[in-house]
Amino acid sequence: MKDDQRTPAAYHEAGHFVASAVLIPNREQRQISIMANRSGGLGRVVGDSPIPATPTTHDIRAAICMHLAGETAQLRFDPSDREYARLCAAHDLEIVEDY
């Protein structure tokens, strides 16, 4: 990751972290990172799965909002590079499509 991408990536991952803490308060979050991961994401919030084994409609909506909050936070706090924000969000959108 280039130096100029670290701050936007941090905003992005912080968006996931805050949304998860608010919308899924029982989810244990153990780590937040802006290091690229094996699944294609440019960062990650490590914790329990955001979706329980038998999810309710609320669980699914909360997980979708949590995944979309990364791009929202990134654009809110660093709107200078929408293209990079879309790149960061691409993996999140793939996950949301599976819900």
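Colleague: Report on the overall build of the protein chain, specifying residues and quantitative values.
Modeller: The secondary structure content of the protein chain amounts to three helices and two strands. Reported as C-alpha extents along the three principal axes, the dimensions of the protein chain are approximately 40 × 25 × 25 Å. Here the protein chain holds 99 residues, and the buried ones make up 37% of them. For the protein chain, the share of sequence-separated contacts (at least 6 apart) that also reach a separation of at least 24 residues comes to 54%. Here the protein chain has roughly 6300 Å² of accessible surface; of this, 55% comes from carbon and sulfur atoms. For the protein chain, the distance from the average site of its 10 positive side-chain charges to the average site of its 14 negative ones is 3 Å.

Colleague: Describe the packing of helix 1 (residues 3-23) against helix 2 (residues 57-77), listing the residues and the values that go with them.
Modeller: As a packed pair, helix 1 and helix 2 sit with axes 7 Å apart at the nearest point and diverge in direction by 150°. Of the possible angle classes, the one that applies to helix 1 and helix 2 is roughly antiparallel. Viewed along their axes, helix 1 and helix 2 form a crossing whose handedness is right-handed. Side by side, helix 1 and helix 2 meet where Pro8, Tyr11, His12, Gly15, His16, Ala19, Ser20 and Leu23 of the first sit next to His58, Ala62, Cys65, Met66, His67, Ala69, Gly70, Glu71, Ala73, Gln74 and Phe77 of the second. Along the lines of polarity and charge, the residues of the contact of helix 1 with helix 2 split into 10 nonpolar, eight polar and one charged.

Colleague: Quick rundown of the nonpolar core? Include the residues and the values.
Modeller: Ala19, Ile24, Ala62, Met66 and Ala69 together form the largest nonpolar core, which totals five residues. A per-element tally of this core places helix 2 first, with three residues. Excluding anything up to four places from it in sequence, Ala69 contacts Gly15, His16 and Ala19.

Colleague: Tell me what's going on with helix 1, and back it up with residues and numbers.
Modeller: Compared with the 30 Å implied by 1.5 Å per residue over 21 residues, the 31 Å span of helix 1 between its first and last C-alpha is a close match. All of the buried residues in helix 1 are Pro8, Ala9, His12, Glu13, Gly15, His16, Ala19 and Ser20.

Colleague: Would you mind going over the packing of aromatic side chains in detail, with residue names and values included?
Modeller: Following the criterion strictly, the structure yields one aromatic pair and no others. Ring centres of Tyr11 and Phe77 lie 5.4 Å apart, and the angle between their planes is 20°; this geometry places the pair in the stacked category. Taken together, the residues span a long stretch of sequence, with Tyr11 in helix 1 and Phe77 in helix 2 at a distance of 66 residues. Note that Arg76 overlies the ring of Phe77, its terminal NZ or CZ placed 5.2 Å from the centroid.

Colleague: Outline the pattern of salt bridges, listing residues and values.
Modeller: The final tally for this structure, using the stated rule, is two salt bridges. Across the salt bridge formed by Arg30 and Glu28, the nearest N and O atoms sit 3.9 Å from each other. In this structure Glu28 comes out as partly exposed when scored by relative accessible area, which is 43%. Residue Glu71 pairs with Arg86 through a salt bridge whose shortest N-O separation is 2.2 Å. With a gap of 15 residues between them, Glu71 in helix 2 and Arg86 in helix 3 (residues 82-97) connect regions that are remote in the sequence.

Quick notes on the rules
Residues numbered from 1 in each chain as written. Predicted model: local features only at pLDDT ≥ 70, side-chain atom pairs only at ≥ 80, totals over all residues. Heavy atoms only, no water. Helix = DSSP H or I, 4+ residues; strand = E, 2+ residues; numbered from the N terminus. Buried < 20%, exposed > 50% of the residue type's maximum accessible area, 1.4 Å probe, protein only. Contact = heavy atoms within 4.5 Å. Areas by Shrake-Rupley, 256 points an atom, 1.4 Å probe, with all protein chains shown as cover. Lys, Arg positive; Asp, Glu negative; His and termini not counted. Charge placed at Lys NZ, Arg CZ, Asp CG, Glu CD. Axes fitted to C-alpha atoms, helices over the stretch in contact; angles between N-to-C directions. Parallel < 35°, antiparallel > 145°, perpendicular 65-115°, else oblique. Left-handed = near helix turned anticlockwise from the far one by under 90°. Nonpolar A, V, L, I, M, F, W, Y, C, P; charged D, E, K, R; others polar. Core = buried A, V, L, I, M, F, W, Y, C linked by side-chain atoms within 4.5 Å. Expected span 1.5 Å × (residues − 1). Phe/Tyr/Trp six-rings, centres within 6.5 Å; stacked < 30°, edge-to-face > 60°. Lys NZ or Arg CZ within 6 Å of the ring centre and 35° of its normal. Salt bridge = Lys/Arg side-chain N within 4 Å of Asp/Glu carboxyl O.

Geometric values such as these leave the question of function open.
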